[in-house]
Amino acid sequence: MLWPFATSAVAINLFMLGLLTQAIGLPAISPVAALWWCLPLGLPATYAAARWVRSLIEQAS
């Protein structure tokens, strides 16, 4: 259930990182390229977010 949110966060972060790379002379990452790259990178981010939420739930109980 977290996959769409984590993948969207990865896409936004990749795009922002692409904008920051212009400061050191590299080309920017297009929004479409960020969307394509976020698909495989979204799974590990989802796993990490799920573990984090699970630990928060355990701490609360």
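Residues numbered from 1 in each chain as written. Predicted model: local features only at pLDDT ≥ 70, side-chain atom pairs only at ≥ 80, totals over all residues. Heavy atoms only, no water.

1. Looking at the overall build of the protein chain
Secondary structure summary: the protein chain contains 2 helices and 0 strands in total. For the protein chain, whose C-alpha radius of gyration is 14 Å, the value lies well above the compact-globule estimate of 10 Å for 61 residues. Overall size of the protein chain, expressed as C-alpha extent along the three principal axes, is 50 × 20 × 10 Å. Residues classed as buried in the protein chain amount to 18% of the 61 residues present. A separation threshold of at least 6 residues defines the contact pool for the protein chain, and within that pool the share at least 24 residues apart is 63%. For the protein chain, the exposed area adds up to about 4800 Å²; of that, 76% sits on carbon and sulfur atoms. (Helix = DSSP H or I, 4+ residues; strand = E, 2+ residues; numbered from the N terminus. Rg over C-alpha atoms; globule rule 2.2 N^0.38 Å. Buried < 20%, exposed > 50% of the residue type's maximum accessible area, 1.4 Å probe, protein only. Contact = heavy atoms within 4.5 Å. Areas by Shrake-Rupley, 256 points an atom, 1.4 Å probe, with all protein chains shown as cover.)

2. Some words on the nonpolar core
Listed in full, the 5 residues of the largest apolar core are Val10, Ala11, Leu14, Ala34 and Cys38. The set of elements that each furnish at least two residues to this core consists of α1 (3–20) and α2 (31–60). Tallying contributions element by element places α1 first for this core, with 3 residues. Residues contacting alanine 11, with those up to four places away along its chain left out, are Ala34, Leu35 and Cys38. (Core = buried A, V, L, I, M, F, W, Y, C linked by side-chain atoms within 4.5 Å.)

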